[in-house]
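A look at the structure
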Amino acid sequence: MSEVTELCQKLVRFPSFASDTQEIIGFLKDYSERCGFKARVLTFENNGKTVANLCVEYGQGHPHLLFAGHIDVVPAGDEAEWQLPPFEAAVKDGVLYGRGIADMKGGAACFIKACEDFIKQNQFAGKITMIFSGDEEEPIVEGTRCILEQLHNEGEKFDFALVGEPSNPKMMGDEIKVGRRGDIVLNITSFGQSGHTAYAAGATNPIHNLVKLLNLMQETKLDNGNEFFGPSSLHVTTFDVGNPATNVVPSKAFARVDIRFNSEHTYQSIEEWADKLAQKAGGWFEIKAEYIGESFLSPINAHIRELSQIIKTHTGQEPFYSTAGGTSDARFVKNYCPVVEYGLTNGTIHKINECETVQNIEILYTVYKDFLRHFFIENR
């Protein structure tokens, strides 16, 4: 078993849910310090909970490369349904099974080990910073955002960033993520006048108005997409009235709408679009927005092109520049430097029997190590 695969196994064996990341953070801190890194635990309040995160640094000055990842995982579900126990990190027929191996402890282990070996084998000028958040899988995330704010306030400036999220739909070399769609959730309450259904002339049905608004939203196309993004999408995720009576017009109705939008839009433009449709639908609405992440697109610079070439060398195929998928912590990183995402495959993430092949782990480790050499030595 290679050292990088063994490190993956060690990380998977920590059942590190967002409420319990202290143990894996302690392990990574000790491991990093033994490798010659400076490591510190950064703790922030998140939605009423205290979440531990880790910042690891080596070197000084520029060029300055940032790696961002997370070490928390989603629950394993019914462990009896797993082919192998989710936190045993067992390898069977060349495949490592375990919750979080693809999303994204494998990516974290590959970059840590690549940095460790690169530093042992090379002398270079510049700095490497690695940040590992403990709450990326939570509905409300604060880890990466807060870490970067603190580093910025301390005067840190980054030249380029890698995020180790699983980026390949099927096989290594499929995709590099150069951007992400934005995400906004609209919480819509429709108000009416309650009354008896037999005397409906004196009542205003909020359900009818809400259905009309939702129909308008579904029928009004947001956009046609662009060179890097597909068309924006809209989904109604819940519709609630809470009215047990069959002969009463309710006083209000509620719906939640999740909109994944491309770079043609911003939070503000989506809200303005929804307000115009509400006026067209008639009725009395209250629309409260939850801001999950703005859309962004990183410039296709020399570092991204180099990474693409390195991936092609080790996988035999040139990766597609993608913006597919949901949000990630890259939405925070992009405020400080250009960022790209490349990690393992994502076909099993959040599923029973999450897994990754040992071969893919080795490929990712090699890609990261070669990128470090290009970034710090060959480009100098």
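The structure reproduced in this document is the subject of the present report. (Residues numbered from 1 in each chain as written. Predicted model: local features only at pLDDT ≥ 70, side-chain atom pairs only at ≥ 80, totals over all residues. Heavy atoms only, no water.)

1. Digging into the sheet that holds strand 5 (residues 95-97)
In plain terms, the rule: Between any two strands, at least two bridges found by DSSP are needed for them to pair. Secondary structure is summarised from DSSP: a helix means a run of H or I of at least four residues, a strand means a run of E of at least two, and numbering begins at the N terminus for each.
Read from one edge of the open sheet, three strands run 4-5-19, paired in antiparallel fashion. Both outer strands of the open sheet, strand 4 (91-92) and strand 19 (355-357), are each paired with one neighbouring strand and no more. The sheet contact formed by strand 5 and strand 19 spans three bridges and is antiparallel. Pairing of Val95 across the sheet is with Thr357, part of strand 19.

2. Concerning the packing of helix 1 (residues 3-12) against helix 2 (residues 22-34)
The criterion, for reference: To obtain an axis, a line is fitted to C-alpha atoms, over the contacting stretch when the element is a helix, and the angle between two such axes runs from 0 to 180 degrees between their N-to-C directions. An angle below 35 degrees is treated as roughly parallel, one above 145 as roughly antiparallel, one from 65 to 115 as roughly perpendicular, and anything else as oblique. Should any heavy atoms of two residues lie within 4.5 Å, those residues are considered in contact.
In the contact formed by helix 1 and helix 2, the axes pass within 10 Å of each other and the chain directions differ by 150 degrees. On the basis of the axis angle, helix 1 is roughly antiparallel to helix 2. Touching Leu7, Lys10 and Leu11 of helix 1 are Ile24, Phe27, Leu28 and Tyr31, all from helix 2.

3. Looking at the pattern of salt bridges
As a reminder, the rule being used: Salt bridge, as used here, is a side-chain nitrogen of Lys or Arg placed within 4 Å of a carboxyl oxygen of Asp or Glu. Each residue is placed in one exposure class: buried if its accessible area under a 1.4 Å probe, protein chains only, is under 20% of its type's maximum, exposed if it is over 50%, and partly exposed if it falls in between.
Scanning all chains against the criterion turns up 19 salt bridges. Residue Glu33 is joined to Lys29 by a salt bridge in which the shortest nitrogen-to-oxygen separation is 2.8 Å. Taken as a pair, Glu33 and Lys29 lie in helix 2 at a separation of four residues, close to a single helical turn. When its relative accessible area of 24% is taken as the criterion, Lys29 is described as partly exposed. Measuring nitrogen to oxygen at the nearest pair gives 2.6 Å for the salt bridge that ties Lys127 to Glu156. Of this pair, Lys127 sits in strand 6 (residues 126-133) while Glu156 sits in the loop between helix 4 (143-153) and strand 7 (160-163), and the two are 29 residues apart along the sequence. Residue Lys127 is classed as buried on the basis of its relative accessible area, which comes to 9%.

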